[in-house]
Amino acid sequence: QVQLVESGGGLVQAGGSLRLSCAASGRTSTIYTMGWFRQAPGKEREFVAAINWRNVTYYSNTIKGRFTISRDNAQNTVFLQMNNLKPEDTANYYCALGPTTITALAARYDYWGQGTQVTVSS
């Protein structure tokens, strides 16, 4: 059974930075895509970034240039470095494990973490 555990969320002022981590366990293969999604209160879950097993990355236009996704296959861990945070980045951030083909579609991801809260104050 695959488990994903996020960490690194918290409260930060606008313009600040946070680094989220997501550790995956129970999966022996590294040939998959890892993604980050977020959901703010009253809004639908939205795609943030994804990285496939070849380290090809894909970003939402909303955060492009401010966030960077990376992964450590040896540790089965994916990271999301978030810089120049804005109040509108406030949300619960989820990591997900998905197919070999990189995608922004949440429905293509099979496993999800419990989420970590990011709050950006103005």
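Just above, that's the structure.
To start, this report covers the structure provided alongside it.

Quick notes on the rules
- Residues numbered from 1 in each chain as written.
- Predicted model: local features only at pLDDT ≥ 70, side-chain atom pairs only at ≥ 80, totals over all residues.
- Heavy atoms only, no water.
- Helix = DSSP H or I, 4+ residues; strand = E, 2+ residues; numbered from the N terminus.
- Rg over C-alpha atoms; globule rule 2.2 N^0.38 Å.
- Buried < 20%, exposed > 50% of the residue type's maximum accessible area, 1.4 Å probe, protein only.
- Contact = heavy atoms within 4.5 Å.
- Areas by Shrake-Rupley, 256 points an atom, 1.4 Å probe, with all protein chains shown as cover.
- Lys, Arg positive; Asp, Glu negative; His and termini not counted.
- Charge placed at Lys NZ, Arg CZ, Asp CG, Glu CD.
- Disulfide = S-S within 2.5 Å.
- Phe/Tyr/Trp six-rings, centres within 6.5 Å; stacked < 30°, edge-to-face > 60°.
- Lys NZ or Arg CZ within 6 Å of the ring centre and 35° of its normal.

Moving on, we get to the overall build of the protein chain. The helix and strand tally for the protein chain stands at zero helices and eleven strands. Helices (α) and strands (β) of the protein chain occur, in sequence order from the N terminus, as β-β-β-β-β-β-β-β-β-β-β. Relative to the compact-globule value of 14 Å for 122 residues, the protein chain shows a C-alpha radius of gyration of 13 Å, a close match. Relative to its 122 residues, the protein chain shows a buried fraction of 44%. Considering only contacts in the protein chain between residues 6 or more positions apart, those separated by 24 or more positions represent 58%. For the protein chain, the exposed area adds up to about 6,300 Å²; of that, 46% sits on carbon and sulfur atoms. If the 11 positive side-chain charges of the protein chain are averaged to one point and the 7 negative ones to another, these points end up 6 Å apart.

Within this structure, the stated rule accounts for one disulfide. Covalently, Cys-22 is tied to Cys-95 through a disulfide, its sulfur atoms 1.9 Å apart. Note on the Cys-22 and Cys-95 pair: the S-S dihedral is about 40°, so by sign convention the disulfide is right-handed. A residue pair is termed long-range when its members are at least 10 positions apart, and Cys-22 in strand β3 (residues 18-25) and Cys-95 in strand β9 (residues 91-98) qualify at 73 residues. Classification of Cys-22 as buried rests on a relative accessible area of 0%.

The next point concerns the packing of aromatic side chains. Following the criterion strictly, the structure yields five aromatic pairs and no others. Look at Phe-37 and Tyr-109: their rings are 5.2 Å apart centre to centre, the planes differ by 80°, and that puts the pair in the edge-to-face class. With Phe-37 in strand β4 (residues 33-39) and Tyr-109 in the loop between β9 and β10 (111-112), this residue pair connects regions lying 72 residues apart in the sequence. The class for Phe-37 is buried, based on a relative accessible area of 1%. On the basis of relative accessible area, Tyr-109 is assigned to the buried category, the value being 4%. Through a chain of ring-to-ring contacts, three or more aromatic side chains come together here, namely Phe-37, Phe-47, Tyr-58, Tyr-109 and Trp-112. Lying across the ring of Tyr-94, Arg-45 places its NZ or CZ 4.0 Å from the centre. The side chain of Arg-71 reaches across the aromatic face of Tyr-32, ending 4.7 Å from its centre.

Remember that the coordinates give geometry; whether it matters functionally is a separate question.
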